[in-house]
Amino acid sequence: MSEINVKYGENLRPFPAPATVLDAFKALDRDVLKRTLAAKVNGEQVDLGSSLPETGETVVIEPITSDSDDGLELIRHSTAHLLAAAILDLFPGTKLGVGPALMEDPRYGYYYDIIAPRQLTEADLPVIEKKMKAMAKQNLPYRREIVEKARILDIFEGREEPLKCELISDKVTDTASIYYIDNSPFIDFCLGPHVPHTGKLGAFKLLALSGAYWKGDATREQMQRIYGTAFARQEELDAWLKQREEAEKRDHRKLGRELDLFSISDDYGQGLILWHPKGGVVRMEMERLLREELEQRGYSFVFTPHIAKRALWVTSGHEGNYSDSMYAPTSIEEEEYRLKPMNCPFHIGIYKSSPRSYRDLPQRYSEMGTVYRAELSGTLHGLMRVRGFSVDDAHLFVRPDQVHAEVADCLDFAIKVFDTYGFDKVKFELSVRGGAENKGYLGSDEDWNAAEEQLASALKERGISYERIEGEAAFYGPKIDIKIEDAIGRVWQLGTIQLDFNLPERFELEFTGDDNLKHRPFMIHRALFGSIERFFGVLIEHYAGAFPLWLAPVQVTVLPITDRINEYAEQVADELRRAGFRVESNTRSDKIGAKIRDAQMQKIPYMLVLGDQELENKQVAVRERKQGDIGAMSLNKFKEMITLQKEKRRL
RNA sequence: GCCCAAGUAGCUCAGGGGUAGAGCGCAUCCUUGGUAAGGAUGAGGUCGCGGGUUCAAAUCCCGCCUUGGGCUCCA
């Protein structure tokens, strides 16, 4: 009888063969076994019930416990299988697609794609969930079997699972593993591993029903996707559900209405934003901050039209590559025009309007340029995905040797601005050429190498850690994408700094060098917010509608306790207005409690409660929206306090 | 575009084959009250749009529109 040497942590111990992973843990560590769902054997994930390899070499085993990320993924994946098993039980004849765990999408934990004999509706979800709970209680084992390709195909053909057969044909060369759940009609073609039995599952919930295409391809089968989530423990699921509710409370569409910031009306068109006066204030402040920075950084301000001749879009390449997202042409005196989906060609027009010398570069043109894109109706979402929006756009026309410095300044700019809004977690991604497929990259290797090197060195010089992503560059140049994390941990892709070898070529841009020869400039597209509408949406959710003083649509509200005080209240309000603040006064005959409630719900940063005492002492009693009553002070002292806050753009 | 759900007063929603309900908001009046809702009265709706069934449709059926959740982290 042979032996297997098992290494577990520092322990090395021989076991008589054959033995399973479970046998090893039973002998080595009963404590950890309770939390263990599967294991890594020589670094490879396997089921607890799998046999230890008898190769003669030492076998290294590690537990995959329920409190690890790997463990959670296992739970979610196994729960997805439980979901499929419950559906097969309730709806015989259902065709299965795929059912992965989702670890990066904070909204969901797993899904399973199916084609049921009838269209399922949301009303079916509780029924399916109940079945899953019942199956979980029965501690049904997940069983694994290794079979030949031909036999797997037989099994799934016999079960009339065409999609599974397609997968098997694609993926399997000789043998593969399949999984059963005992006492259930479920069989899946799956690498595993899984939890040992369904009793390890329980903290799960089905969340949503949606449509999905097989392999994400709109020309393939339309399937139904059931989303759910799962955790190791019920408390974690409860906490997650609670956080989800919190996120709903921050929904910018809800707050946009409640705080009267913006609206979208079908009478005007889907995906078109009406900025209300209070939203307009926030936008003006957002633009003011940008303008200050742009001025200091040597940008110039340009303004360009919303439509241009169709021929321009042919030259720019938009007509060829981007036509689906552009509004149809409109004719004026036999000449066709199209709404602009991007601002670049106009800025190029400004560059080209006169000959440029190397001494003139860089040229930095900025514009809050409004563009229109014909997004599919189903993808529209509040402020986040719209059909008309303004980009805080800028195009830099630079000499090849200037790329580094300009990119570095863009990075400083981004960090400064996002920091002002309180986004302290900013991620940078450098997208470069690479990967197996050749995307038909434009421009010489020389240019690319130089450009990628300059982007990377700008990031390094600024001490910015970044992720380098091979193969994600656009065909026309490498780029840096900027992502921010908001107050509740959601990540938003916002700005981009993009090098472009394409448009300078297409538009034959040039400048005269010190050698008196013509050279081609590089073009850098950069936007920090991407779309100011979208960034506004992100801000609303980030602050949950409670904008910092400098952004708040109403900064101070004056609340007289009785009608006797109304006159004094108006004086106070006027004085603050003259000092440059946005002030309201509430002289309605409500009780002070009601006025405060109103102001709190409008999330106004400061409330000045004025009664006989304040009138007599020439003071204001200050209530801050989060801290509550912070005591009485002179109006001058209050003014000083908020002036400082406003000027420093404190959070 | 495709799958599921929902469209009733400005907002949040209840109701449901026999001519429309609540709370909030709004208006007017009473009240002048010290840190998150004082009281009374009143105005407000082609029940998303179009068609069908019916003596009768907001309600049942069909179509459309809009809104919301989604639409490859592959076995």
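Structure: above.
> Could you give me a rundown of the packing of helix 9 (residues 277-296) against helix 16 (residues 532-542), with the residues and numbers involved?
Direction vectors running N to C along helix 9 and helix 16 enclose 105°, while the axes themselves pass 11 Å from each other. Judged by the angle between their axes, helix 9 and helix 16 are roughly perpendicular. Here Gly279, Val282, Arg283, Met286 and Glu287 of helix 9 lie close against helix 16, whose contacting residues are Ile532, Glu533, Phe535, Phe536 and Leu539. Residue composition of the contact of helix 9 with helix 16, by class: six nonpolar, one polar and three charged.

> How would you sum up empty space enclosed by the protein? Please name residues and give values.
Scanning the model with the defined rule gives one cavity of 30 Å³ or more in all. By volume, the largest cavity amounts to about 30 Å³. Taken together, Ile75, Thr79, Lys200, Leu201, Gly202, Ala203, Phe204, Ala230, Phe231 and Ala232 form the lining of the largest cavity. In terms of residue class, the lining of the largest cavity is built from seven nonpolar, two polar and one charged.

> How would you sum up the protein's contact with RNA strand B? Please name residues and give values.
Of all residues adjacent to RNA strand B, which total 62 residues, the nearest are Asp105, Lys171, Phe189, Gln222 and Asp563. Between Asp563 and RNA strand B, the recorded distance is 2.2 Å, taken from a side-chain N or O atom to a base oxygen. Of all the elements in the fold, those that place two or more residues in the surface near RNA strand B are strand 11 (203-213), strand 12 (222-231), helix 8 (252-258), helix 18 (592-601), helix 19 (612-617) and strand 31 (619-624). Of the residues contributing to the surface near RNA strand B, the split by class is 23 nonpolar, 19 polar and 20 charged.

> I'd like to hear about the pattern of salt bridges, residue by residue, with values.
Throughout the structure, instances matching the rule amount to 46 salt bridges. In this structure, Arg118 engages Asp124 in a salt bridge whose closest nitrogen and oxygen atoms are separated by 2.9 Å. Among the salt bridges present, the one from Asp612 reaches Arg564, with a minimum N-O distance of 2.8 Å. Taken together, the residues Asp612 in helix 19 and Arg564 in the loop between strand 28 (556-560) and helix 17 (566-578) connect sequence positions 48 residues apart. Classification of Asp612 by relative accessible area gives partly exposed; the value is 41%. Several salt bridges share partner residues, and in doing so they unite Glu166, Asp170, Lys215, Arg220 and Glu221 into one network.

> Which residues make up unusual backbone geometry, and what values go with them?
With omega at 0°, the peptide bond leading from Leu361 into Pro362 counts as cis. Along the chain, the position of Pro362 falls in the loop between helix 12 (344-352) and strand 19 (363-372). In this model, Asn139 sits at a positive phi of 50°, which is unusual for a non-glycine residue. Take Asn139: it is sitting in the loop between helix 4 (124-137) and strand 8 (142-148).

> Residues and numbers for the packing of aromatic side chains, please.
Under the criterion given, the structure shown has 24 aromatic pairs. Aromatic side chains Tyr351 and Phe397 sit 4.7 Å apart centroid to centroid with 25° between the ring planes, which places their arrangement in the stacked category. Highlighted residues: Tyr351 in helix 12 and Phe397 in strand 20 (residues 388-398), separated in sequence by 46 residues. Classification of Tyr351 as buried rests on a relative accessible area of 1%. Note on Phe397: relative accessible area 0%, which makes it buried. Ring plane angle 75° and centroid distance 6.4 Å describe the contact between Phe418 and Phe423, whose orientation is recorded as edge-to-face. Among the aromatic residues, those joined into a cluster by ring pairs are Phe418, Tyr421, Phe423, Phe529, Phe535 and Trp550. Directly above the aromatic system of Phe231 lies the positively charged group of Arg76, at a separation of 4.9 Å from the ring centroid. The ring of Trp550 is capped by Arg649, whose NZ or CZ atom sits 5.0 Å from the centre of that ring.

> Which residues make up the nonpolar core, and what are the values?
Counting residues in each nonpolar core, the largest one holds 67 residues, and the members touching the most others are Phe418, Tyr421 and Phe547. Tallying contributions element by element places helix 13 (residues 403-420) first for this core, with nine residues. Discounting residues that sit within four places of it in the chain, Phe547 has contacts with Leu261, Val282, Phe536, Leu539, Ile540, Ala552, Pro553, Pro605 and Arg625.

> With reference to specific residues and values, describe helix 17.
The terminal C-alpha atoms of helix 17 lie 18 Å apart, and with 13 residues this matches the ideal 18 Å at 1.5 Å per residue to within 8%. Those residues of helix 17 that fall on the buried side of the exposure criterion are Asn566, Tyr568, Ala569, Val572, Ala573 and Leu576. The arc that holds every buried residue of helix 17, seen down its axis, measures 160°, which confines them to one face. Set apart from the buried face of helix 17 by more than 90 degrees, the exposed residues are Glu567 and Arg578. Each element contacted by the buried residues of helix 17 is listed here: strand 28, strand 29 (583-585), strand 30 (606-610), helix 19, strand 31 and helix 20 (635-647).

> Please give an account of the sheet that holds strand 32 (residues 628-634) that cites residues and values.
In space, the five strands of this open sheet follow the order 29-28-30-31-32, with mixed pairing throughout. The open sheet terminates on both sides in strands that have one partner only, identified here as strand 29 and strand 32. Each adjacent strand pair in this sheet contributes to an overall mean axis angle of 25°, direction not counted. In the sheet, strand 28 pairs with strand 29 via three bridges, with the strands oriented parallel. Its bridge partner being in strand 29, Thr557 is matched across the sheet by Glu584. Sheet contacts for helix 18: strand 28, strand 30 and strand 31; angle to strand 28, the most-contacted strand, approximately 170°. In the packing of helix 20 onto the sheet, contacts are made with strand 28, strand 30, strand 31 and strand 32, and the angle to strand 32 comes to roughly 120°.

Criteria and thresholds
- Residues numbered from 1 in each chain as written.
- Chains lettered and ligands numbered in written order.
- Predicted model: local features only at pLDDT ≥ 70, side-chain atom pairs only at ≥ 80, totals over all residues.
- Heavy atoms only, no water.
- Axes fitted to C-alpha atoms, helices over the stretch in contact; angles between N-to-C directions.
- Helix = DSSP H or I, 4+ residues; strand = E, 2+ residues; numbered from the N terminus.
- Parallel < 35°, antiparallel > 145°, perpendicular 65-115°, else oblique.
- Contact = heavy atoms within 4.5 Å.
- Nonpolar A, V, L, I, M, F, W, Y, C, P; charged D, E, K, R; others polar.
- 1 Å grid on protein atoms, 1.4 Å probe; cavity = no way out; pocket = protein on both sides within 12 Å on 5 of 7 lines; lining within 4 Å.
- Points joined across faces, edges and corners; volume = space filled by probe spheres on them.
- Near = heavy atom within 4 Å.
- Polar contact = N/O pair within 3.5 Å; in protein donor to acceptor, adjacent residues only side chain to side chain.
- Salt bridge = Lys/Arg side-chain N within 4 Å of Asp/Glu carboxyl O.
- Buried < 20%, exposed > 50% of the residue type's maximum accessible area, 1.4 Å probe, protein only.
- Phe/Tyr/Trp six-rings, centres within 6.5 Å; stacked < 30°, edge-to-face > 60°.
- Lys NZ or Arg CZ within 6 Å of the ring centre and 35° of its normal.
- Core = buried A, V, L, I, M, F, W, Y, C linked by side-chain atoms within 4.5 Å.
- Expected span 1.5 Å × (residues − 1).
- Arc of directions from axis to C-beta.
- Pairing = 2+ DSSP bridges.

Without other data, these values stay purely geometric and don't point to any function.
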